[in-house]
Amino acid sequence: MSKKSPETRGLHQLYGEDPEKADRLIWGREVDPESRRGFLKKSGLAAMTAALGAVAIPYAAKMPGGLIPAAFAQSEMPFMLEGKDGLTLLNDRPINAETPPHLLDDEITPANRMFVRNNGIPPAIENIDPATWQLRIEGESCVTPMTFTIAELKEKFKHYTYQLTIECGGNGRAEYVPSASGNQWTTGAVACPTFTGARLRDVLEACGIKNDAVYIGYYAADKHVSGDASKHPISRGVPMSKALEDESLIAWAMNGEDIPLLNGYPLRLVCAGWAGSVSGKWLQRIMIRNKKHDGAKMKPPSYAMPKYPVAPGTEVPDEDFVTIEAMPVKSLITFPESGLTQAKGEKLVVRGHAWAGDLAVDKVQVSIDFGATWHEAKLMAPANRLAWQHWSTVLDFPEIGYYEIWAKATDSAGRSQPMVVPGWNPKGYLNNACHRIAVQIA
């Protein structure tokens, strides 16, 4: 079940907690330790200028570090990432932010509502030139290693557009007790925009795939949070069977436009239906491997589950983990927002989305009596394989009082969401318990 989501923090609260951290997080401003002035990069200065509604900030270079602009000093303005709207911040280094369920009501997730999941520090926008960006295909099981620019990918390969569900493997981690390490996602680390690009299969086959190929692995341009250039923050991959699916893309566009920087601009991998960590952002290199990929975050306990049920708090040996692959069946109530008050006798429209990893959703059911009885909702077909499915229903409430609306999806293999949080695991992965919201009937 959902716990109360963390509150979106205002600028004043961020500056009150740690002024220099707020500077870095909001504007990308670094404080000079001697002068105590805050150095703003061009992108940060542009963001601050736009936020102030100004043409320019003439003396920006002289602005003390850690000082909230006076125009915002009394503001309740919520924290915002550039290009995002209404996301809840979970961490700033690396930046991670989720989307409240009621902001995921669109059938196709808008770019400004797509969650942000980073393991490292993204490349600076001023250091990215899509005209010169290159993707290298190589590895032990690559017949002819090749390098492509984005323009060459667009020219040489057929373009495909799919609506694809991407969900963080730790979505729902906040509900595990005792707490599992990692970002405390509630329900909002999921999105389903459209992606346009070349099929991964077509690009790999152009380079030649040897008979001994079993896996692919990616490398990207994000930097390790330690600053150590020899370390990769993340380098994961998928078996060849997943890599060669029609819907696995090397994507250069999202919703018909450039991919947002925080979601992988200018080039990313999309292997939908599996933990989002296999869909590498800021893509620079793909390895065709003759063994399971062994990059950063491929070893347990990262993105891995115990092979057997364990008691909460149990330490599990590395050899007893198995790598996460397809995500489990799940659903989300996106309308109304939790906390609604409605007059008795009025019908309430309820809607949301459901998805099931590599499978389709067979049905979605809704309950207003804490799961004692269930009412089947209307379920739409997906736009294409690996897209989420929209559902809706109309509810009546028999008397005044407090209600909870619960949603439960069942996949095409007959597996349903559990009513309670599933078995605890050390990293808090794969929580697919029923989503629920509160409603007051007055």
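Here the residue numbering is sequential within each chain, running from 1 through the sequence in written order. The predicted origin of the model limits local features to residues at a pLDDT of at least 70 and limits the giving and counting of side-chain atom pairs to 80 or more, whereas totals for whole chains, interfaces and linings rest on all residues. Hydrogen atoms and water are omitted, and side-chain values are computed over all heavy atoms in the structure.

Here we look at the sheet that holds strand E12 (residues 215–220)
Spelled out, the test is: When DSSP finds two or more bridges between two strands, those strands count as paired. Each helix corresponds to a stretch of at least 4 residues labelled H or I by DSSP, and each strand to a stretch of at least 2 residues labelled E; elements are numbered beginning at the N terminus. Axis definition: a line fitted to C-alpha atoms, over the contacting stretch in the case of helices. Angles run 0 to 180 degrees between N-to-C directions. Contacts were defined at the residue level, with two residues in contact if any of their heavy atoms lie within 4.5 Å.
The five strands lie next to each other as E7-E6-E17-E12-E13, forming an open sheet whose pairing is mixed. Two strands lie at the open edges of the sheet, namely strand E7 (146–149) and strand E13 (237–239), each paired on one side alone. Recorded for the sheet is a direction-independent mean angle of 15° between the axes of neighbouring strands. Alignment of strand E6 (residues 134–138) against E7, held across four bridges, turns out to be antiparallel. Residue pairing across strands places Ile137 opposite Met146, the latter belonging to E7. Packed on one face of the sheet, helix H5 (residues 200–207) meets E6, E7, E12 and strand E17 (283–289) and runs near 135° to E7.

Details of helix H2 (residues 19–27)
Since the α-helix turns once every 3.6 residues, residues separated by three or four places project in the same direction. To keep it simple, the criterion reads: Note on exposure labels: buried denotes an accessible area under 20% of the residue type's maximum, exposed denotes more than 50%, and partly exposed covers the range between, all computed with a 1.4 Å probe on protein chains only.
Those residues of H2 that sit buried are Ala22, Asp23, Leu25, Ile26 and Trp27. Once H2 finishes, Gly28 follows within two positions and takes phi at roughly 70°, a positive value.

Considerations on a nonpolar patch on the surface
This is how the line gets drawn: Each patch is built from salt-bridge-free residues with over 30% relative accessible area, joining like charges within 9 Å and nonpolar side chains (Val, Leu, Ile, Met, Phe, Trp, Tyr) within 5 Å. Residue burial considers only the protein chains on display, and all accessible areas are found by Shrake-Rupley using a 1.4 Å probe. One speaks of a salt bridge when a side-chain nitrogen belonging to Lys or Arg is within 4 Å of a carboxyl oxygen belonging to Asp or Glu.
On the surface, Phe335, Val349 and Val394 cluster together into a nonpolar patch covering about 230 Å² of accessible area. For Val394, the location among the structural elements is in strand E26 (residues 389–395).

Remarks on the sheet that holds strand E5 (residues 116–117)
On the basis of which strands lie adjacent, the open sheet formed by three strands has the order E3-E4-E5 and antiparallel pairing. Each edge of the sheet is formed by a strand with only one pairing partner; in this case those strands are strand E3 (88–92) and E5. The pairing of E3 with strand E4 (residues 95–98) spans four bridges and is classified as antiparallel. Its bridge partner lying in E4, Asp92 is registered against Ile95.

A look at the pattern of salt bridges
Taken as a whole and assessed by the stated rule, the structure comprises 18 salt bridges. The partner of Glu247 in a salt bridge is Arg385, with the nearest N and O atoms 2.9 Å apart. Placement of Glu247 in the loop between helix H6 (240–243) and strand E14 (249–254) and of Arg385 in the loop between strand E25 (378–379) and E26 is noted, with a sequence separation of 138 residues between them. Two residues, Arg436 and Glu404, come together in a salt bridge whose shortest N-O distance is 2.7 Å.

Structural notes on the nonpolar core
Inclusion rule: We call a set of buried Ala, Val, Leu, Ile, Met, Phe, Trp, Tyr and Cys residues a nonpolar core when their side-chain atoms join them within 4.5 Å.
Judged by nonpolar contacts, the single largest core of 61 residues is most densely connected at Ile137, Ile250 and Ile286. If you tally residues by element for this core, the top one is E14, at six residues. Not counting chain neighbours up to four residues away, the residues in contact with Ile137 comprise Cys142, Pro145, Met146, Phe148, Val203, Leu204, Cys207, Ile286 and Ile288. Of all hydrophobic cores here, the second largest spans 20 residues; its members include Ile333, Leu395, Phe397 and Ile441.

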